[in-house]
Amino acid sequence: MRHTRHGWWLDEAGPVEPRPPLAGRASADVAVVGGGYLGLWTAWHLAEAGASVAVVEADVCGHGPSGRNGGFVSSLWDCFPDLLERFGAERALEVGRVSAESVGAIGRWCEAEGVDAWFTPARQLEVATTPAQERAWLPLAHALAGAGVDEGELLAAGDVREICASPVFGGGLALRTAATVQPARLALGLRARLLERGVEIHERSPVTRLTATGVETASGSVEAGATVLAVNSATVGFPGFRRALAVASSHIVLTEPVPDVIEELGWTGGEAIADARTLLHYFRTTRDGRIAFGWGGGRMGFGSHRSARLELDREVVAVAARTLVRFFPQLAARRIEHAWGGPIDVSPTHLPVFGSRGRVHHGYGFTGNGVGPSHLGGRILASLALDRRDELARLALVEAPSKAFPPEPLRYAGGSTIRRALVAKDAAEDEGRRPNAVTRAVAALPRRLGLHLPR
């Protein structure tokens, strides 16, 4: 097994030549800090509006979470109960609908721009893999149906196994507005099209300071009328955002090509699937007949410190590999060829956060579900940076009240304790046991504190 920081998606997409670091003084209408999906989509929408843009990226665009995630293109309909609770029906519906538009918009963009990101429209399934998970999706299904949203389809166990015949699958829920992509191809495709349009991209240029007039790096600066901060989990490293989110990790294992197994499972529709655990498993097929299988049960990060275990955690990878075979016993004798992982930005509300602090406009908190919502986020941040008072700038996600996480080291210590309890709870339920009282109590703490984690 090849266990790397960047992962197979970026290997498959092929190498890119890094852009030169920022040197000296530059200027633009908008400086965008971060070259992942959110920053690149923001730059795209700004360029479409005729603004000059400078993207400043600490590494190489697309080589962070945007290039190594599961490639699930989702709307925010799967967060509809949270939207309802926080914003009421009218504003929740507005967010759900505009986020759903982004799913199709990404596919249309790929076609129009000639970017082969493997965009595949297909339903997204949440399924039970233990009795404890059965019916976990009913609050979502009832909320959608009660609001008149024709999005969720309840599936009996037999229906689920018609789609993918894992012996552990029970019932589930299918969300209709979804797709998958090869995530690195999408990110690098965005990068390439922005360069073709003349957008300035400065790579290997970590931003050291946000200033009143732009940004500074160790070797240069950009003077801009507005700045967009779009750096995922690295947001916690900037003043004013240290308690705004938590950092955790997620890891993926990837099989050798197994088209015969996929055919045997009947899993030929391209569906993205996740189980109904608290620390969920998520999995999908690839164009060349592999199965990518991820687990969101990785370690907690400490503040803005980079930890090797957030990206290369052999213990978490081993758990994911064992569970892959439990779900699909046909893979017991087949090779797992690749493994990788990385940090994700965990929102305290399970919803992304957008807003402005003077001339700095920010977006973060996708909680591992950013491929689709980051397109919407790019539209929102472009509107904020251009000082447009349009419907995007007025969405409920913009300047929404949000809880703060405890400061370090309490955030790390408390988050790690809760993670251990969640892992123990899920493991007990996988084995058909009831978790003990202490485990149940600690695992329930986030909800009792008003934190909607991690699902």
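Attention here is on the structure that accompanies the text. Quick caveat: nothing in here was measured; it's all calculated off a predicted structure.

Moving on: the overall build of the protein. Scanning the protein from terminus to terminus reveals 13 helices and 20 strands. Here the protein has a C-alpha radius of gyration of 21 Å; the compact-globule value for 455 residues is 23 Å, and the two agree. The C-alpha extent of the protein, read off along each of the three principal axes, is 60 × 45 × 45 Å. Going through the 455 residues of the protein one by one, you find that 59% of them count as buried.

Judged by pairing direction, the sheet is mixed, and its nine strands sit side by side in the order β1-β18-β14-β17-β16-β15-β6-β8-β7 without closing on themselves. Sheet topology places β1 (2-4) and β7 (152-155) at the edges, where each strand pairs with a single neighbour. Between one strand and the next, the sheet's axes are offset by a mean angle of 20 degrees, whatever the strand orientation. Summarising the sheet, strand β15 (residues 272-275) and strand β16 (residues 281-285) pair through two bridges and their orientation is antiparallel. Counted as the bridge partner of alanine 274 is tyrosine 282 from β16. Of the strands in this sheet, β1, β14 (246-255), β15, β16, β17 (291-295) and β18 (336-346) touch helix α9 (residues 314-327), which is tilted by about 125 degrees from β17.

Another point: the side chain of aspartate 345. Tracing the backbone through its elements, the reader meets aspartate 345 in strand β18. Although aspartate 345 lies buried, it forms no salt bridge, and the closest oppositely charged side chain, arginine 68, sits 11 Å away as judged by the N-O distance. Within the structure, the side chain of aspartate 345 is placed 3.3 Å from the backbone nitrogen of phenylalanine 366, a separation counted as a polar contact.

For α9, spanning 14 residues, the distance from its first C-alpha to its last is 20 Å, which sits close to the expected 20 Å at 1.5 Å a residue. Here α9 has its buried residues at Val316, Val317, Ala320, Ala321, Thr323, Leu324 and Phe327. When α9 is viewed along its axis, its buried side chains cluster within an angular range of 165 degrees and face the same direction. In this structure, α9 carries Arg314, Glu315 and Arg322 as exposed residues pointing more than 90 degrees from its buried face. Looking at where α9 begins, the residue whose side-chain oxygen comes 3.2 Å from the main-chain nitrogen of glutamate 315 is aspartate 313.

With that settled, consider the pairing of strand β11 (residues 207-211). Sheet topology note: the β11/strand β12 (residues 214-217) ladder contains four bridges and is antiparallel. Residue pairing in the sheet places arginine 209 in a bridge with glutamate 216 of β12. In this structure, the hairpin formed by β11 and β12 is closed by a connection of two residues.

Quick look at the nonpolar core now. In terms of nonpolar packing, the biggest core is built from 70 residues, with Phe80, Leu83 and Leu186 touching the most fellow members. The greatest single-element share of this core, amounting to nine residues, is contributed by helix α4 (residues 89-113). Listed in part, the 36 residues of the second largest apolar core include Trp267, Phe283, Val317 and Phe328.

Scanning the model with the defined rule gives 21 aromatic pairs in all. Between tryptophan 9 and tryptophan 118, the ring centres sit 6.4 Å apart and the planes meet at 75 degrees, which makes this aromatic pair edge-to-face. Of the two residues, tryptophan 9 is situated in helix α1 (residues 8-13) and tryptophan 118 in the loop between α4 and β5 (120-121); the sequence distance between them amounts to 109 residues. Tryptophan 118 shares its class with tryptophan 9; the two are buried. Here tryptophan 9 and tryptophan 340 contribute two aromatic rings whose centre-to-centre distance is 6.3 Å and whose plane-to-plane angle is 75 degrees, an arrangement assigned as edge-to-face. In this pair, tryptophan 9 sits in helix α1 while tryptophan 340 sits in strand β18, placing the two residues 331 residues apart along the sequence. Here the two residues tryptophan 9 and tryptophan 340 agree in accessibility, since each one is buried. Linked through ring pairs, Phe169, Trp267, Phe283, Phe293, Phe327 and Phe328 together constitute an aromatic cluster. One Lys or Arg, arginine 197, reaches over the ring of tryptophan 44 and ends 4.8 Å from the middle of that ring. Cation over ring: arginine 357 sits above phenylalanine 241, and NZ or CZ is 4.1 Å from the ring centre.

Conventions used here
- Residues numbered from 1 in each chain as written.
- Predicted model: local features only at pLDDT ≥ 70, side-chain atom pairs only at ≥ 80, totals over all residues.
- Heavy atoms only, no water.
- Helix = DSSP H or I, 4+ residues; strand = E, 2+ residues; numbered from the N terminus.
- Rg over C-alpha atoms; globule rule 2.2 N^0.38 Å.
- Buried < 20%, exposed > 50% of the residue type's maximum accessible area, 1.4 Å probe, protein only.
- Pairing = 2+ DSSP bridges.
- Axes fitted to C-alpha atoms, helices over the stretch in contact; angles between N-to-C directions.
- Contact = heavy atoms within 4.5 Å.
- Lys, Arg positive; Asp, Glu negative; His and termini not counted.
- Salt bridge = Lys/Arg side-chain N within 4 Å of Asp/Glu carboxyl O.
- Polar contact = N/O pair within 3.5 Å; in protein donor to acceptor, adjacent residues only side chain to side chain.
- Expected span 1.5 Å × (residues − 1).
- Arc of directions from axis to C-beta.
- Core = buried A, V, L, I, M, F, W, Y, C linked by side-chain atoms within 4.5 Å.
- Phe/Tyr/Trp six-rings, centres within 6.5 Å; stacked < 30°, edge-to-face > 60°.
- Lys NZ or Arg CZ within 6 Å of the ring centre and 35° of its normal.

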